[in-house]
Amino acid sequence: MRSLLQSEELRTSFFENKGQTYGGMILAHLAANNVAEAFNYNERARSRAFLDTLGNKAQLGRQSALIEEERALQARMAELRARLSAQSGGGEEEGAQPRSDLEAAEKAYAEFLAKIRKENKEQASLMNVEPLTLKQVQELLDPGVTIIEYFVVMDKTVLWIIDKTQAQAVRLDVNRQEIVSKVTAFREAITELAQKPKLDVLSKELYKMLIQPALPHVKGNELIIIPHDVLHYLPFQALLSPQGRYLIEDYPIDYLSSASLMQFTQEKRKAKGELSSVLSQSGKVLALGNPDLNDPKMNLEFAEIEAKEIKGLYPQSTVFLKKEATEERAKSLSPQNDIIHFASHAELNEDDPLASAIRLAKSDKEDGRLEVREIFGMDLKASLVVLSACETGLGKLSSGDELVGLTRAFIYAGTPSVVASLWNVEDSSTAQLMASFYKNLKTMTKVE
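Residues numbered from 1 in each chain as written. Predicted model: local features only at pLDDT ≥ 70, side-chain atom pairs only at ≥ 80, totals over all residues. Heavy atoms only, no water.

Engineer: Run through the overall build of the chain, naming residues and quoting values.
Structural biologist: Scanning the chain for helices and strands turns up 16 helices and 13 strands. Within the chain, the proportion of its 448 residues that are buried is 51%. Put simply, 75% of the contacts in the chain that link residues at least 6 apart link residues at least 24 apart. Element-wise, carbon and sulfur atoms account for 51% of the exposed surface of the chain, whose accessible area totals about 20700 Å². (Helix = DSSP H or I, 4+ residues; strand = E, 2+ residues; numbered from the N terminus. Buried < 20%, exposed > 50% of the residue type's maximum accessible area, 1.4 Å probe, protein only. Contact = heavy atoms within 4.5 Å. Areas by Shrake-Rupley, 256 points an atom, 1.4 Å probe, with all protein chains shown as cover.)

Engineer: So what's going on with the nonpolar core? Residues and values would help.
Structural biologist: Of all hydrophobic cores here, the largest spans 65 residues; its most connected members are Phe236 and Phe342. If sequence neighbours within four positions are ignored, Phe236 has contacts with Tyr150, Leu210, Ile211, Ile225, Pro227, Leu231, Leu247 and Tyr255. The next biggest cluster of nonpolar side chains, apart from the first, holds 27 residues, and it includes Leu134, Val145, Val153 and Leu256. (Core = buried A, V, L, I, M, F, W, Y, C linked by side-chain atoms within 4.5 Å.)

Engineer: Give a detailed account of helix α8 (residues 176–190), specifying residues and quantitative values.
Structural biologist: Compared with an ideal rise of 1.5 Å per residue, which puts 15 residues at 21 Å, α8 spans 21 Å between its outermost C-alpha atoms and is within 8% of the ideal. Among the residues of α8, Ile179, Val183, Ala185, Phe186, Arg187 and Ala189 are the ones counted as buried. On the buried face of α8, the contacting elements are β1 (145–153), β2 (156–162) and α9 (196–211). Two or three places before Gln177, at the opening of α8, Asn175 has a side-chain oxygen 3.2 Å from that residue's backbone nitrogen. (Expected span 1.5 Å × (residues − 1). Polar contact = N/O pair within 3.5 Å; in protein donor to acceptor, adjacent residues only side chain to side chain.)

Engineer: Can you lay out the sheet that holds strand β3 (residues 167–172) for me, pointing to particular residues and giving the numbers?
Structural biologist: One open sheet holds the five strands; their spatial order is β3-β2-β1-β4-β5, and the pairing between them is mixed. The open sheet has two free edges, formed respectively by β3 and β5 (253–255), since each of these has just one partner strand. For this sheet, the mean angle separating the axes of adjacent strands, direction not counted, is 20°. Where β1 and strand β4 (residues 222–226) come together, five bridges link them in parallel fashion. Residue pairing in the sheet places Val145 in a bridge with Glu222 of β4. (Pairing = 2+ DSSP bridges. Axes fitted to C-alpha atoms, helices over the stretch in contact; angles between N-to-C directions.)

Engineer: Lay out the environment of His232 with the relevant residues and their values.
Structural biologist: Tracing the sequence through the fold places His232 in the loop between β4 and α10 (247–250). C-alpha of His232 to C-alpha of Val404: the two residues are 172 residues apart in sequence and 8.1 Å apart in space. Excluding anything up to four places from it in sequence, His232 contacts Pro227, Ser257, Ser399, Gly400, Leu403, Val404 and Leu422.

Engineer: Tell me about the environment of Val285, residues and numbers included.
Structural biologist: Assignment of secondary structure puts Val285 in strand β6 (residues 285–291). Classification of Val285 by relative accessible area gives buried; the value is 0%. Taking the C-alpha atoms as reference points, Val285 and Ser317, 32 residues apart in sequence, are found 4.5 Å from one another. Ignoring sequence-local partners within four residues, the contact set of Val285 consists of Ile310, Tyr314, Ser317, Thr318, Asn337, Ile339 and His341.

Engineer: An account of unusual backbone geometry is needed here, citing residue identities and associated values.
Structural biologist: A positive phi is found at Asn33, a non-glycine position, where the angle reads about 65°. Counting through the fold element by element, Asn33 comes out in the loop between α2 (19–31) and α3 (35–54). Positive phi, normally seen in glycine, also occurs at Asn290, with a value near 40°. Of note, Asn290 is situated in strand β6.

This is the structure:
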């Protein structure tokens, strides 16, 4: 049905209210005890939603000729399908020519995708729904690592617990509305010091609701959490067990926006020879701190201290502060560094996730907004990008597309790992946290 729509806008918005179709499919497979098929549809749904966020709006700079070729092929197919559908009342002969034209166009498109897939699998994943199956995901997993993947549907939430040898699905009796209200209350409490008792109560409730049902099936000692929808804005590591321990005290935690993304992050880690993922003393860090945004309220004085601390730990680093911390420098110098550190504000845009941006200083050539659509066009060699003073500034909690877009853009641009904060953070404590993070990065893995 979607392929009959000629305009890009209509094709993108077509799926806006089709999420429950995927949800229904997932629940139907679970009811029939097809855990693997249910999981595969959940990955398809994520891939489809991401492609619709992307549309043709990102500057996939290095591949622009491919994008143009794909657009032309898609437009040709849409036009032929529309013509066929308009002629559906006509005679057999009348439809024969457009039908054979359409078959030829579809064949050309399939060959185009096959060629891309062969040359660059990640590029293919940004053009077509190409998720991994449960079996493929399990093959990629290291022993001792467990995936906990959520999918929020209508009045239920499904979670899969997956390791190298087994996969379980658990249905939680909790609907989206309950999750939104709990996560919203939790995020409000976390930013107010006086709210600590309330925060602990909410933290334990969320642990009981989302983590406890998974624990009987977790055999490994490291977690990869794959949130869905509003859960992208929940810091799972800050959830409290009944014993009063934060989840981060029991497990190192990584996040992914979909299990299928693992193939690309692992590839990038291997390409960087990053088996231990420990940064050497000679690592080069590009740090942009407290950019001048022409607004005293946006000043982050401790971000400057933070950037200077990094320079002390890694003498090879390059640090730019205030007016020097420009978008232009971020773009031109990023490719030559092992770590890119942004101690600045970020803005996430719910209505247009690709317009979400990291705020930097302006220059003659750039407006100071490093937007997600531009990050897709960057060419990074870095093993890590750190966004250390995010101001997510979300009014209502959305479906998380803007956060997925931001992290996915950096991964596409070349980095396997992103560290980001999920709310408005206090800049002096962030500076302390980051100093200890970089000090320990010399002897530990990023997740440790």
